[in-house]
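# Examination of the molecular architecture
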Amino acid sequence: MENRLTIVTGHYGSGKTEFAVNLAVAFAREGRAVTLADLDIVNPYFCSRERKAELEAEGVRVILSSGGNADLPAVNPAVNALFEPNVCGVMDVGGDPAGARVLGRFAARIRETDHELLCVVNFNRPETATPEKAERYLREIERSAKLAVTGLVHNTHLCGDTTAADVLRGAELARELAGQTGIPIRYHALARRLMDQVNISTGEPFPMDIYMKKPWEIEPTEE
Amino acid sequence: MAKELWKGNEAVAEAAIRAGCRYFFGYPITPQNEIPEYLSRHLPEHGGCFVQAESEIAAINMVYGAAGSGARVMTSSSSPGISLKQEGVTYIACAELPAVIVNMMRGGPGLGNIAPSQADYYQATRGGGNGDYRTVVLAPATIQEAADFTQEAFDIADYYRTPVVVLADGMIGQMMEAIEWRKPKERALPPKDWATDGTRGKRPHNIINSLYIDAKDCAVQNRKLQEKYDRITETEVRYEEFMAQDAEILFVAYGTTARIARAAVLKLRKDGVKAGLFRPVTLWPFPEKALRECAAHENVAAVIDVELSMGQMIDDVKIALAGAKPVRFVGMGGGAIPAPQELVDEAYKALGRCGK
């Protein structure tokens, strides 16, 4: 994907942040100078700002919303750097239409920039369990962002409990969603461990490493 | 039924609806806002009523009123908001009304911060407001348990006519896990013949009250409450043991901290150290006897209490052990979270050995 700016939106729990972090790392590993902006000002925990150190180690520049775990996160004016020429930018946007509202402020500049607005969909989330329900969220996100979604990221998962069957079932529903909305599937995101168990013909499989770990999932370091 | 991915707060809210709760009164505070958000959207679909009150004190008094009418009712908040509700909770306990109170704990004291914490243990297990009373306290460690316990909390509240607290740290509220919806085991619930739901001219008035001007009357009510608490202590204690049978190091932890301790147990076992975990599931009634017996095994060299606080449950651990085993502590206040490795290090210190 050659777009300068990739914007990642979706419903809470769709896996937006995990995808945005993985995408930024993938771009960096291709040798691009990547800047990831955490624009999530609705979620108090599990935001990309928590993974700043790992991202910087991969060569990704990270722009935080102010204050880390703050009760009142605010958009950092440094986000404007994403609109400068020759920047490969990834915007990690907060969940739901409420989280996407932050894009409205940048909508005019985004429209002038070569961009891709992605909507991440997880059909294992009860509020987006069917293509119809998922489209309702997608359209509300578009209204709130004042921008059109240009690509779907299919990311049906159950955190650590995801099976190949979940991904295949979700891929079928994602195809329906693409059909009814006319928005193409850009990626099928799936845990790297499932890569050789799943064969999907439409859209590019995108292997995900899990960065957003819970404290008990972090293996104690070997000395 | 297929598994679904639920955020903790949403699961608690949906569990309340599934348990027949149709009334919610609350006031927003992070990290539990998805509970009122979800209920404001979905309670009306079930003919229920959501009110965002002008304050936490107003909200808990609305709970008091709705509970008095016999309705299933819930409120939720996070630490400072729960502090504000304590006046209402002691009234509800004294008036013997069923209600469910969810506390997604955050860093304290004072306004503290929005990070996960377990520093409201004293408040939850010692009543929290004035007078001699207790609330049943259920401590989920997973989103599945958050969904199960919230449903069951309504049955326990109705069965004993007492407020029940679901006590979790903010992480349970915010994280996502796969769950299956299932019903709690059935209890024969008594009729709500005490409710102020209209006499229809056919029975004497029911009165909901927590004022006993005459000291003798107040003593009678206190004795009655105490007998109920004794019954609850007899029948409702819950806990879980993990690799505790042959343990030389026994961790005691609840909620998400128990999952960090579990990771430490597995790491220690891999290194050849026999570690185990005792997890209180009900914090009140505390599994005092079970913990005493678990730690009494002669192989247990030391007990390590782990909390997201400066040490509160450790008092109950020490009461249970009555000096039989040394008790060590790992914990942090103000929303910080220990890594499994810190628990591993403490285990080696307790054994007087150098670890890996």
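Note that the structure is a prediction, hence the values are computed from the model and not measured. (Residues numbered from 1 in each chain as written. Chains lettered and ligands numbered in written order. Predicted model: local features only at pLDDT ≥ 70, side-chain atom pairs only at ≥ 80, totals over all residues. Heavy atoms only, no water.)

## Concerning the sheet that holds strand S10 (residues 249–252) of chain B
All names here are of chain B. In plain terms, the rule: Two strands are counted as paired when DSSP detects at least two bridges linking them. Numbering of helices and strands runs from the N terminus, with a helix taken as a DSSP run of H or I at least four residues long and a strand as a DSSP run of E at least two residues long. Here the axes come from fitting lines to C-alpha atoms, over the contacting stretch only for helices, and the angles between their N-to-C directions go from 0 to 180 degrees.
The strand order S9-S11-S10-S13-S14 describes an open sheet built from five strands, whose pairing is mixed. For this open sheet the edge positions go to strand S9 (239–242) and strand S14 (327–331), each flanked by a neighbour on one side alone. Neighbour-to-neighbour, the strand axes of the sheet open up by a mean angle of 20 degrees, direction not taken into account. As paired elements, S10 and strand S13 (residues 302–307) share four bridges and run parallel to each other. Along S13, the bridge assignment pairs Phe-251 with Ile-304.

## Looking at the interface of chain A and chain B
Selection criterion: Residues count as neighbours in contact if any of their non-hydrogen atoms are within 4.5 Å of one another. Here the quantity called buried area is the accessible surface, traced with a 1.4 Å probe, that two parts lose on coming together, added over both. Between Lys or Arg on one side and Asp or Glu on the other, a salt bridge is scored when a side-chain nitrogen of the former is within 4 Å of a carboxyl oxygen of the latter. Residues adjacent in sequence count toward polar contacts only when both atoms are side-chain atoms; beyond that, a polar contact is any pair of N or O atoms within 3.5 Å, and within protein one must be able to donate a hydrogen and the other to accept it. Under the grouping applied here, Gly and all other residues not named as nonpolar or charged are polar, the nonpolar ones being Ala, Val, Leu, Ile, Met, Phe, Trp, Tyr, Cys and Pro and the charged ones Asp, Glu, Lys and Arg.
Each partner contributes residues to the interface: chain A has 28 residues there, and chain B has 33 residues. Both faces combined, the contact of chain A with chain B buries some 2600 Å², and carbon together with sulfur accounts for 61% of it. Where chain A touches chain B, the interface holds three salt bridges. In this structure, the salt-bridge partner of Asp161(A) is Lys3(B), at a minimum N-O distance of 3.9 Å. Counting the contacts that link chain A with chain B gives six residue pairs in polar contact (both at pLDDT 80 or more). Class assignment for the residues of the side of chain A that touches chain B results in 13 nonpolar, seven polar and eight charged.

## Quick word on the nonpolar core
All names here are of chain B. The line we're drawing: Nine residue types can take part in a nonpolar core, namely buried Ala, Val, Leu, Ile, Met, Phe, Trp, Tyr and Cys, and a core is a set of them joined through side-chain atoms within 4.5 Å. When a residue's accessible area, from a 1.4 Å probe over protein chains only, is under 20% of the maximum for its type it is buried; when over 50% it is exposed; and in between it is partly exposed. Residue ranges for the domains trace back to a domain assignment, done automatically or taken from a database.
Grouped together as the largest cluster of nonpolar side chains are 114 residues, with contacts concentrated most on Ile-35, Met-74, Leu-250, Phe-251 and Leu-291. With nine residues, the top contributor of residues to this core is helix H6 (residues 143–160). Shared between two domains, this core holds at least three residues of each, these being domain 1 (4–235) and domain 2 (240–351).

## Considerations on the packing of aromatic side chains
Defined as follows: Aromatic pairs are defined between Phe, Tyr and Trp rings, using the six-membered ring for Trp, whenever the two ring centres lie within 6.5 Å; interplanar angles under 30 degrees are classed as stacked, those over 60 as edge-to-face, and all others as tilted. By definition here, charges over rings are those cases where NZ of Lys or CZ of Arg is within 6 Å of the ring centre and within 35 degrees of the ring normal.
On inspection of all chains with the given rule, the structure shows twelve aromatic pairs over all chains. Relative to Tyr187(A), the ring of Phe19(A) lies with its centre 5.6 Å away and its plane at 55 degrees, an arrangement referred to as tilted. Of this pair, Phe19(A) sits in helix H1 (residues 16–29) while Tyr187(A) sits in strand S7 (residues 185–191), and the two are 168 residues apart along the sequence. Judged on exposure class, the residue Phe19(A) and its partner Tyr187(A) are both buried. Linked through ring pairs, Phe19(A), Tyr187(A) and Phe206(A) together constitute an aromatic cluster. Between the NZ or CZ atom of Lys7(B) and the centre of the ring of Tyr12(A), over which it lies, the distance is 4.7 Å. The residue whose ring lies beneath Arg262(B) is Phe242(B), and the NZ or CZ to ring-centre distance is 3.9 Å.

## Examining the side chain of His42(B)
Relative to the helices and strands, His42(B) resides in helix H2 (residues 34–42). At 2.9 Å, the side chain of His42(B) forms a polar contact with the side chain of Glu127(A). Looking at His42(B), its side chain comes within polar contact range of the side chain of Glu45(B), at 3.0 Å. What His42(B) contacts, discounting residues up to four positions off in sequence, is Glu127(A) and Ile17(B).

## Some remarks on unusual backbone geometry
Going from Gly108(B) to Pro109(B), the amide bond is cis rather than trans, its omega being -5 degrees. Along the chain, Pro109(B) turns up in the loop between strand S5 (99–105) and helix H5 (121–125). Following Trp284(B), the chain continues into Pro285(B) via a peptide bond in cis, with omega recorded as -5 degrees. Of note, Pro285(B) is situated in the loop between strand S12 (282–284) and helix H10 (288–296). Positive phi, close to 50 degrees, is recorded for Cys159(A), a residue that is not glycine. By secondary structure assignment, the location of Cys159(A) is in the loop between strand S6 (151–154) and helix H6 (164–181).

## Description of the packing of helix H5 (residues 131–145) of chain A against H6(A)
All names here are of chain A. Just so we agree on the cut-off: Note on angle classes: values under 35 degrees are labelled roughly parallel, values over 145 roughly antiparallel, values of 65 to 115 roughly perpendicular, and the remainder oblique. Each crossing is labelled by how the near helix is turned from the far one, with a counterclockwise turn of less than a right angle marking it left-handed and a clockwise turn marking it right-handed.
Look at H5 against H6: their axes get within 9 Å of each other, and the N-to-C directions meet at 55 degrees. As judged from the angle between their axes, H5 and H6 are oblique. The way H5 lies across H6 gives a crossing that is right-handed. Where H5 approaches H6, its residues Pro-131, Glu-132, Ala-134, Glu-135 and Arg-139 are matched on the opposing element by Leu-173, Glu-176, Leu-177, Gln-180 and Thr-181.

## Details of the pairing of strand S4 (residues 88–93) of chain A
Residue and element names in this part refer to chain A. With six of six residues buried, S4 lies mostly within the body of the structure. Of the two faces of S4, the one carrying Cys-88, Val-90 and Asp-92 and the one carrying Gly-89, Met-91 and Val-93 are both buried. Sheet topology places strand S1 (residues 5–10) next to S4; four bridges connect them, and they run parallel. Counted as the bridge partner of Leu-5 is Gly-89 from S4. Note that strand S2 (residues 34–39) and S4 share six bridges and pair parallel. Paired with Thr-35 across the strands is Gly-89, a residue of S4.

## A short note on H6(B)
Rules: The span expected for a helix works out to 1.5 Å for each residue beyond the first.
The end-to-end C-alpha separation of H6(B) is 25 Å, in line with the 26 Å expected for 18 residues at 1.5 Å each. Among the 18 residues of H6(B), 17 are classified as buried, and the element is accordingly described as predominantly covered.

## Topic: the sheet that holds S12(B)
All names here are of chain B. Here we have seven strands laid out as an open sheet, ordered S3-S2-S4-S5-S7-S6-S12, and mixed in their pairing. A strand with exactly one partner marks an edge of an open sheet, and here the two such strands are strand S3 (49–52) and S12. On average, adjacent strands in this sheet sit at an angle of 20 degrees to one another, irrespective of strand direction. Direction of pairing for strand S6 (residues 136–138) relative to strand S7 (residues 163–169): parallel, over a ladder of three bridges. Following the sheet pairing, Val-137 is matched in S7 by Val-165. Helix-sheet contacts for helix H3 (residues 56–68) involve strand S2 (23–26), S3, strand S4 (73–77) and S5, and the interaxial angle to S4 is about 160 degrees.

## Looking at the domain arrangement of chain B
Size of an interface: often given as the accessible area lost when the parts come together. Residue and element names in this part refer to chain B. Taken domain by domain, chain B consists of domain 1 (4–235) and domain 2 (240–351). Between the C-alpha centres of domain 1 and domain 2 there is a distance of 28 Å. Facing the 34 residues of domain 1 at the interface are 23 residues of domain 2. In terms of surface lost to domain 2, no three residues of domain 1 exceed Gln-118, Tyr-121 and Tyr-122, which account for 30% of the buried area on that side. Where domain 1 meets domain 2, there are three salt bridges. In this structure, Glu-145 engages Arg-279 in a salt bridge whose closest nitrogen and oxygen atoms are separated by 2.7 Å. Of all the elements in the fold, those that place two or more residues in the side of domain 1 that touches domain 2 are H5, S6, H6, S7, helix H7 (170–174) and helix H8 (215–235). Taken together, the residues of the side of domain 1 that touches domain 2 break down into 19 nonpolar, nine polar and six charged.

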